[in-house]
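Take a look at the letters that make up each chain.
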Amino acid sequence: MTASSTSKPPTIAYTRQRRVRGHARESTVDGTAEIASTALATPMDAGFRQVPLSTIRSRYFISSKVFRVTVPPVARTPTGRRFQLAALLRHLREQRGLTQEEVGGIIWPGTSPRSVQNKITRLENGDGGITKDDLHALLKVYGTTNGVALELALRLNSGTSQRGRWRGPRATHPESFRQYVDLEEDARLIRLVAVEEIPDLLQCESYLRVRSPAEQNLAAIRDRQRVLFREEPAEVYVVLSESCVRRIRGNALVMVEQIDRLLRLSELPNVTLQLAPFDPPPGLPTNTTPERFALLRLTAPGVIGEFRRHLDFAFTVVGGRLYPDDNIQSYEELWLNATVGALSPDSTRRFLREVRRGFRERWPLDEGSGNDTGDD
């Protein structure tokens, strides 16, 4: 076999095809690049495969002048885009080897070093916005005057306005909780530890109505639950304390319906459910006590060069605020302890069926009531 016959194409992308609003889109699996065109010559097959970029140019696109490399998909919400922009700008500054004071002094000359550092710090933490002119000036300092990073930064900055976003049912979310709601919508990975109460994302209709009978509240939570079922759903991992399914909300019928829903959700390919029992069986640690928190992971904006693959956030009811990934190591440890101290997904389903059977035996239900999954 000759050397030429075994040589690899100069550029390889693992691709997944989608059709968006009548246009073809070729996206790499890791989300770091995207090739798009409005002039599709040959239909694309579904699924992933290895495709030389040169082949994509010659086979799928009529004209090379309409072929362009565009930025990867950005977050759906203004909050997610703001944090993606913050991470991108920090990455670009560090790549140039500049301090926050040096950058601020160039962009806002005549301003005190402390003031410009605070401004850059807030921007890189996602706590503040930036005007289009200041963003262009900042990107010029970072040597980013064209290409993917520039287009990405401008797209992220153009979509950070919250105007009109919190109307209708969404207005029922407390202002302090809205950042979490946005990041939950953008998250590719959601990890929850729940105590005493089933998490909103997993609640059935009757359980929801016991807690929040107002129709606006119900609609707002249903809207959040769509992350489980959308075309590209979030990966959701949940650890429930046994107290979540023992503490009765409403009545036995409500609890049976809720457990039925948990069993159905646990069969989804993107949902993993574990339960931490009061009395752990042999083999599980006995000194773990779950506490309520959430870990949300967003995809980082893909750019050329070394860059973080994701942005992590932690939310706890005690603190009532989100913490960037630099501050969540303790929550990662808590998550590890929670999963180690919980039943496996299969054992969890068996446990839930036993709890459901107990509700039915102690409080007989009318025949035909509930949403029996038929898996006793």
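For every chain, the first residue of the written sequence is number 1, and numbering continues from 1 onward in sequence order. In keeping with the model being predicted, local features are shown solely for residues with a pLDDT of at least 70 and side-chain atom pairs are shown and tallied solely at 80 or more, while totals for entire chains, interfaces and linings include all residues. Excluding hydrogens and water, the side-chain figures rest on all heavy atoms present in the structure.

1. Notes on the overall build of the protein
Within the protein one finds 14 helices and 11 strands. Burial status across the protein gives 45% buried among its 376 residues. Of the contacts formed within the protein by residues at least 6 apart in sequence, a portion of 67% connects residues at least 24 apart. All accessibility values rest on the Shrake-Rupley procedure with a 1.4 Å probe; residue burial counts only the protein chains present in the view. Element-wise, carbon and sulfur atoms account for 49% of the exposed surface of the protein, whose accessible area totals about 19,900 Å². Put simply, DSSP H or I for four residues or longer makes a helix, DSSP E for two residues or longer makes a strand, and each gets a number counted from the N terminus. The cut-offs for exposure are 20% and 50% of the maximum accessible area for each residue type, with area from a 1.4 Å probe on protein chains only; residues under the lower value are buried, those over the upper are exposed, and the others partly exposed. Contacts between residues were defined by any pair of non-hydrogen atoms, one from each residue, lying within 4.5 Å.

2. Thoughts on the nonpolar core
A general trend in soluble globular proteins is that nonpolar side chains are found buried together. Residue types Ala, Val, Leu, Ile, Met, Phe, Trp, Tyr and Cys, when buried and joined through side-chain atoms within 4.5 Å, form a set referred to as a nonpolar core. By size, the foremost hydrophobic cluster in this structure holds 48 residues, and its most contacted members are Ile190, Ile198, Leu202, Leu240, Leu262 and Leu352. Tallying contributions element by element places helix H12 (residues 252–266) first for this core, with 8 residues. Apart from the residues lying within four places of it in its own chain, the contact partners of isoleucine 190 are Glu184, Leu201, Val227, Ala234, Glu235, Val236, Tyr237, Leu295 and Leu296.

3. Quick notes on the packing of aromatic side chains
The relative placement of two aromatic rings is captured by the distance of their centres and the angle of their planes. Working definition: a ring pair exists when centres of Phe, Tyr or Trp rings (six-membered ring for Trp) sit within 6.5 Å. Plane angles under 30 degrees give stacked, over 60 give edge-to-face, the rest tilted. Across all of its chains, the model carries 5 aromatic pairs by this definition. Each ring, one from phenylalanine 83 and one from phenylalanine 313, has its centre 4.8 Å from the other, and the planes form 65 degrees; the classification is edge-to-face. Here phenylalanine 313 lies in strand E10 (residues 310–316) and phenylalanine 83 lies in helix H3 (residues 78–96), a separation of 230 residues in the sequence. Ring geometry for phenylalanine 177 against tyrosine 180: centres 5.1 Å apart, planes inclined by 20 degrees, an arrangement best described as stacked. Classification of phenylalanine 177 by relative accessible area gives buried; the value is 18%. Following the ring pairs from residue to residue traces out a cluster consisting of Phe177, Tyr180 and Phe315. The ring centre of tryptophan 166 lies 5.6 Å from the NZ or CZ of arginine 165, which sits over that ring. Counted as over-ring charges are cases with an Arg CZ or a Lys NZ within 6 Å of the ring centre that also lie within 35 degrees of the ring normal.

4. Re the confidence of the model for the protein
Averaged over all residues, the pLDDT of the protein is 76; the fraction at 70 or higher stands at 73%. In predicted models, pLDDT denotes the confidence assigned by the predictor to each residue on a 0 to 100 scale. Contacts from residues 1–70, a stretch scored under 50 in pLDDT, to residues over four places away or in other chains number 107 contacts. The low-confidence segment residues 367–374, where pLDDT is below 50, has 13 contacts with residues more than four positions distant or belonging to other chains.

5. Considering helix H4 (residues 100–107)
Every buried residue of H4 is accounted for by Gln100, Val103, Gly104 and Ile107. Each buried residue of H4 sits inside an arc of 95 degrees when the element is viewed along its axis, so together they form one side. Packing partners of the buried residues in H4 comprise H3, helix H5 (113–124) and helix H6 (132–141). Our arc is simply the arc of the directions from the helix axis toward the C-beta atoms.

6. Re the packing of H3 against H6
The axes used here are C-alpha line fits, helices contributing only the stretch in contact, and every angle between their N-to-C directions lies in the interval 0 to 180 degrees. Interhelical geometry of H3 versus H6 gives an angle of 30 degrees and a closest axis separation of 9 Å. Of the possible angle classes, the one that applies to H3 and H6 is roughly parallel. Of the residues in H6, those touching H3 at Leu89, Leu92 and Arg96 are Leu135, Leu138, Leu139 and Val141. Residue type decides the class: Asp, Glu, Lys and Arg count as charged, Ala, Val, Leu, Ile, Met, Phe, Trp, Tyr, Cys and Pro as nonpolar, and the leftover types, Gly among them, as polar. Tallied by class, the residues present in the contact of H3 with H6 amount to 6 nonpolar, no polar and 1 charged. When describing relative orientation, an angle under 35 degrees is termed roughly parallel and one over 145 degrees roughly antiparallel, while 65 to 115 degrees is termed roughly perpendicular and anything else oblique.

7. Here's the deal with the pattern of salt bridges
What makes a salt bridge here is a side-chain nitrogen of Lys or Arg within 4 Å of a carboxyl oxygen of Asp or Glu, nothing more. All told, the structure shown has 24 salt bridges when counted by the stated rule. Here arginine 247 ties to glutamate 196 by a salt bridge, and the two come within 2.4 Å at their closest N and O atoms. Residue arginine 247 is located in the loop between helix H11 (243–246) and H12, and its partner glutamate 196 is located in the loop between strand E6 (189–194) and helix H9 (205–211); the two are separated by 51 residues in the primary sequence. Look at arginine 247 and you get partly exposed, because its relative accessible area is 43%.

8. Focus: the pairing of strand E9 (residues 293–299)
Most of E9 is tucked away: 5 of the 7 residues are buried. Two strands qualify as a pair provided that DSSP identifies no fewer than 2 bridges between them. Direction of pairing for E6 relative to E9: antiparallel, over a ladder of 5 bridges. Across the sheet, the residue bridging to leucine 192 is alanine 294, located in E9. With 6 bridges joining them, E9 and E10 adopt antiparallel strand pairing. Within the sheet, the bridge partner assigned to leucine 296 lies in E10 and is phenylalanine 313.

9. Concerning H6
Along H6, the residues that are buried comprise Leu135, Leu138, Leu139 and Val141. The arc that holds the buried residues of H6, viewed along the axis, is 155 degrees, so those residues lie on one side. Summarising the geometry of H6, the exposed residues directed more than 90 degrees from the buried face are Lys132, Asp133 and Lys140. Looking one or two places after H6, you find glycine 143, whose phi comes out positive at around 75 degrees.

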